[in-house]
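Spelled out, the chains give:
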Amino acid sequence: MEESLSGNSKIPVREKTRRNFLVYLVGSSLTSIAIGYIFPKPSQSREVDLETLCSFYPHNSRCQNYLPGVEAQDTNSKAIKVDALLATATPGIPIPVHGLPNDSVDYLIIKDGPQIAEYAISPICTHLGCTVKWNTEKNRFICPCHGSQYDSLGRVVHGPARRSLPLITVVVKQNQVRLVGTKPAIDPR
Ligand code: FES
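Going along each chain's sequence as written, the residues are numbered from 1 onward. Two thresholds apply to this predicted model, a pLDDT of at least 70 for residue-level local features and 80 or more for giving and counting side-chain atom pairs, whereas whole-chain, interface and lining totals are computed over all residues. In computing side-chain properties, one takes all heavy atoms of the structure into account and sets aside hydrogens as well as water.

On average, the protein scores 82 in pLDDT, and the residues at 70 or more come to 75%. Confidence scores here are pLDDT values: one per residue, from the predictor, ranging 0 to 100. To qualify as a helix, a DSSP run of H or I must reach at least 4 residues; to qualify as a strand, a run of E must reach at least 2; elements of each kind are numbered from the N terminus. Here helix α1 (residues 13-38) stands out as the least confident element of the protein, with mean pLDDT 51; strand β7 (residues 149-150) is the most confident, with 98. Two residues qualify as a contact provided that any one of their heavy atoms is within 4.5 Å of a heavy atom in the partner residue. Within the model, pLDDT remains below 50 along residues 1-8, and this stretch shows 11 contacts once partners closer than five positions in the same chain are excluded. For the stretch residues 30-41, pLDDT sits under 50, and the model shows one contact to residues farther than four places along the chain or on other chains.

If you want it as structure tokens, here you go:
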């Protein structure tokens with residue numbers, strides 16, 4: 001049996017219908033993916049919102065049972081307990097901690113009190129990106145690459161770097177120190 005042809009096209013109608021259906025199928029799948037990406041499901045968006053909210057406002061009533069970020073560990077990979085840390089911490093002496101991805105070391109800032117500051121130093125030199133280390137004798141972070149130096153809050157005291165060391169957010173809650181890999185709401189320097 002001969003199939004009918006559509007318009008000027010030499011494509012049989014059945015073939016054309018099948019092709020239109022496939023185009024429709026691919027188009028609607030891509031549209032669904034795009035919508036899911038732009039408007040995440042309520043449970044996903046709630047999770048994202050709480051993470052952001054509780055990083056900046058950890059004592060908000062919605063954050064009562066939510067701990068943002070990751071738990072800080074000491075250099076022996078043991079979870080840090082706030083009471084134990086403050087029993088031996090000295091104001092002005094940064095404390096190296098782990099926890100964020102890539103096994104990076106960040107430095108908690110100890111304020112008078114002693115208290116743990118709501119921010120920590122990420123030791124990435126702002127000159128060309130080498131990792132700086134805390135030098136207790138000189139009371140400074142020193143870059144091994146070209147000699148930049150920073151004080152205990154990460155402010156430049158010797159070039160060639162011109163900008164302060166980056167900060168990450170710290171949340172102290174339920175006797176834990178939580179590290180959040182984003183800048184704090186306010187840079188106190
Ligand atoms: Fe640190 Fe150049 S990368 S001083």
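On to the side chain of Arg 178, then. Within the element layout of this structure, Arg 178 appears in strand β10 (residues 176-180). The classification of residues rests on relative accessible area computed with a 1.4 Å probe and restricted to protein chains. Under 20% of the type maximum is buried, over 50% is exposed, and intermediate values are partly exposed. In this charge count, Lys and Arg are treated as positive and Asp and Glu as negative; neither His nor the chain ends contribute. Any Lys or Arg side-chain nitrogen found within 4 Å of a carboxyl oxygen on Asp or Glu counts as a salt bridge. Salt bridges are absent for the buried Arg 178, whose nearest opposite-charge side chain, Glu 71, sits at 4.7 Å. Think of a polar contact as two N or O atoms within 3.5 Å of one another; within protein, one of them needs to be a possible hydrogen donor and the other a possible acceptor, and neighboring residues in sequence only count if both atoms come from side chains. A polar side-chain atom of Arg 178 sits 2.8 Å from the main-chain carbonyl oxygen of Gly 69. Setting aside anything within four residues of it in sequence, one finds Arg 178 in contact with Leu 67, Pro 68, Gly 69, Val 70, Glu 71, Thr 169, Val 170 and Val 171.

Only a pair of cysteine sulfur atoms within 2.5 Å qualifies as a disulfide here. Evaluation of the coordinates by the stated rule reveals two disulfides. Between the sulfur atoms of Cys 54 and its disulfide mate Cys 63 the distance is 2.1 Å. Handedness of the Cys 54-Cys 63 disulfide follows from its S-S torsion of about -85°: it is left-handed. In this structure Cys 54 comes out as buried when scored by relative accessible area, which is 0%. Taking only the cysteines that form disulfides and numbering them from first to last, the protein has the pattern 1-2, 3-4.

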